[in-house]
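Fold and contact review
So you can see what is in the structure, the chains are spelled out below.
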Amino acid sequence: MNKWKKPLTISLVIGLSTLWLAGCSKETNVHKETDPSLEFSFYGHYDWYTMPPWGADPATKWIKDNKKINVVPISSGGNAKQKMNTMIASGNLPDVIWLERGADVEKLRAEGMLVPFDEYLNKYPNLKKWAGDSTINMLRSPDGKLYQFPNWYTSRPNGNAGYLVNKKIYEELGSPKLETVDDLYNYLKIVKEKYPNVIPFEPGQSAEGSDILTSAFAENRPPMFNNMLAVPNGNKLKSIFTDPAFRESMQFSNRLFREKLMSQDAMSQNRDQVIEKITTGRIAVYAASSPTEFGAKGDTVLRAQDPKAGYIMVWPIRKEGMDKNKIFPGDYKQLGWNVSVITKAAKNPEAIFAFLDWLTGPEGQRIIFWGPEGLYWQGTAADDTPVFTDKFISDTEGRNHLMDSLVNFQWNGNTVYIDSSKAKFEATLPVEKRNWETRWQTDITWKTQYNATAFVNLDPAPDSEEGIVAQSVADIYSKAKATALTNAKSDEEVLAILDKAEKEAKQAGYEKLLKYKTEKWQDNVKKLK
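From a predicted model like this one, the values you see are computed outputs, not experimental measurements.

1. Re the pattern of salt bridges
The tally for this structure, following the rule as stated, stands at 29 salt bridges. Note that Glu171 is salt-bridged to Lys167, the shortest N-O span being 3.4 Å. With Glu171 and Lys167 both in helix 5 (residues 167–172) and four residues apart, this pair spans about one turn of that helix. Accessibility expressed as a relative area gives 22% for Lys167, which makes it partly exposed. Where Asp491 meets Arg258, a salt bridge forms, and the shortest distance between an N and an O atom there is 3.9 Å. With Asp491 in helix 19 (residues 491–507) and Arg258 in helix 9 (residues 244–258), the pair connects residues that are 233 residues apart, well separated along the chain.

Here is the structure:
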């Protein structure tokens with residue numbers, strides 16, 4: 001699929017290491033150093049993902065000009081599953097695939113389509129240094145080899161999940177206590193009465209906020225267990241449909257919907273509609289897995305119109321009597337979010353790995369997160385963190401615009417490096433001048449995310465017996481959640497819908513799936529120990 005600009009004797013100079021590419025003459029064993037050049041194709045395996053044009057922004061333009069790297073995007077066309085199947089069937093794979101860990105990766109690996117990274121790990125220093133052996137070993141496939149390059153891996157808590165609150169409305173209502181489920185309910189009722197054109201509670205796309213609310217009804221109960229379709233109980237995983245916290249939270253969410261305290265298009269709205277509500281200030285409270293992304297945009301827009309406007313975050317909501325420090329509206333994993341794999345279609349996989357390794361290192365991260373040197377940072381401190389310029393503070397709008405434009409190029413984010421750099425700089429500033437996202441991450445969200453590393457890679461292969469059961473249970477769950485949220489007319493009806501779903505799930509083989517996931521979970525626990 002790819003064509004090398006210089007397919008024979010070329011070298012790729014990246015960061016700390018120089019890679020002599022393998023296309024040189026074996027007979028003469030001569031390496032000729034020329035203008036380094038690398039082009040590879042990249043496919044993001046998501047319906048929603050569209051890679052921005054490479055080289056159209058200051059950061060990727062710098063990489064293209066200085067590192068001679070060109071990345072050619074391949075789009076999913078809004079149907080990632082079909083696109084992937086077509087590429088596999090035709091044998092026309094991209095060089096790099098960016099996707100979720102788990103079944104899809106293992107399917108590609110089992111069919112011999114992926115390149116292992118083991119021989120590169122000691123040659124290129126960044127992944128091994130920053131991710132560490134523990135994370136790398138958790139990423140290894142059953143054959144013991146490493147095929148996955150992690151994204152936003154970490155050794156410290158991170159994450160953005162939580163509750164965004166409209167600052168102006170909150171202060172105009174007297175900044176009431178907003179800590180418990182009852183506090184939230186009463187606040188939303190007042191908002192509905194006083195601000196008829198404002199949505200009291202915005203749950204975002206697919207009513208994600210209703211999942212966030214699950215965390216309010218039990219200690220050590222992150223919403224990820226909902227999507228996992230299994231909840232820990234002792235050393236076993238039990239049904240989501242019988243989980244007390246999930247059942248009570250669905251009753252609460254349904255009550256908000258019934259009383260029009262929640263967005264009435266919660267299950268049908270798209271991303272742009274959610275952004276529009278937030279940037280125009282038409283919401284009072286927004287709960288999501290990453291509300292900081294929209295909150296930062298909304299805060300900038302609203303404060304430009306009115307200095308008293310904007311957004312704040314509050315400590316996660318909890319049921320009365322629960323320990324506030326054991327409420328987790330989100331989670332983090334050492335392995336991070338997703339991964340990049342290099343396929344055997346790549347003409348020179350080592351060159352691609354070297355680039356990814358540079359990109360996940362300090363220099364690459366500085367550039368792909370804050371742009372090239374001389375714009376918002378100049379030089380580095382003794383610990384290799386960037387020294388931010390005055391423009392980083394004075395040009396908030398330009399800085400945020402640049403950072404937003406780079407989000408979809410951050411394929412192998414180094415969480416500890418980025419978070420440490422941000423926190424170190426922000427600590428030197430007065431509160432009013434701190435970056436909005438970093439302030440709330442430091443004060444609230446990083447402190448309230450659950451370590452879920454033990455629950456990675458629990459999903460069975462889609463074509464396995466357990467995988468077929470998993471798809472059936474997922475369909476039952478999605479239907480039951482939507483019906484309980486938007487159609488139920490009472491608390492009792494919510495429970496009846498969930499009871500019916502439990503019965504259907506059991507008939508579909510749910511117990512077999514829970515047994516499979518329990519075994520995988522306990523294997524992870526042993527690895528981590």
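2. Points about the side chain of Lys481
The residue Lys481 is located in helix 18 (residues 465–486) in this model. Note on Lys481: relative accessible area 8%, which makes it buried. Within the structure, Lys481 has its side chain in polar contact with the side chain of Asp211 (distance 2.9 Å). Residues contacting Lys481, with those up to four places away along its chain left out, are Ser206, Ala207, Ser210, Asp211 and Met250.

3. Some thoughts on the pairing of strand 15 (residues 377–380)
Consecutive side chains along a regular strand alternate between the two faces of the sheet. As paired strands, strand 15 and strand 16 (residues 386–388) are joined by two bridges and run antiparallel to one another. Opposite Trp377, over in strand 16, you have Phe388 as the bridge partner. Linking strand 15 to strand 16, which pair antiparallel, is a turn of five residues; within it Asp384 sits at a positive phi near 75°.

4. Some thoughts on the environment of Leu498
Take Leu498: it is sitting in helix 19. Sequence separation of Leu498 and Tyr450 is 48 residues, and the distance between their C-alpha atoms is 26 Å. Setting aside chain neighbours within four positions, we find Leu498 in contact with Phe241, Phe246, Arg247, Met250 and Ala480.

5. Re the environment of Lys344
Structurally, Lys344 can be placed in the loop between strand 14 (339–342) and helix 12 (349–360). With 141 residues separating them in the primary sequence, Lys344 and Leu485 have C-alpha atoms 46 Å apart. Leaving out residues up to four positions away in the same chain, Lys344 has contacts with Gly112, Met113, Leu114 and Val115.

Quick notes on the rules
Each residue is numbered by its place in its chain's sequence as written, counting from 1. Only residues with pLDDT of 70 or above have their local features reported here, since the model is predicted, and side-chain atom pairs are shown and tallied only from 80 upward, although totals for entire chains, interfaces and linings are computed over all residues. Only heavy atoms go into the side-chain values, all of them from the structure, while hydrogens and water stay out. A side-chain nitrogen of Lys or Arg and a carboxyl oxygen of Asp or Glu constitute a salt bridge if their distance falls within 4 Å. Under the scheme used here, helices are H or I runs from DSSP no shorter than 4 residues and strands are E runs no shorter than 2 residues, and both carry numbers assigned from the N terminus. In this scheme, a residue with accessible area under 20% of its type's maximum is buried, one over 50% is exposed, and one in between is partly exposed, where area comes from a 1.4 Å probe on protein chains only. The term polar contact refers here to a pair of N or O atoms within 3.5 Å; inside protein, the definition further demands a hydrogen-donor-capable atom paired with an acceptor-capable atom, and it admits residues adjacent in sequence only when both atoms are side-chain atoms. Here a residue-residue contact requires only that any non-hydrogen atoms of the pair lie within 4.5 Å. Should DSSP find at least two bridges between two strands, the strands are taken to pair.

These figures come from the coordinates and say nothing about function on their own.
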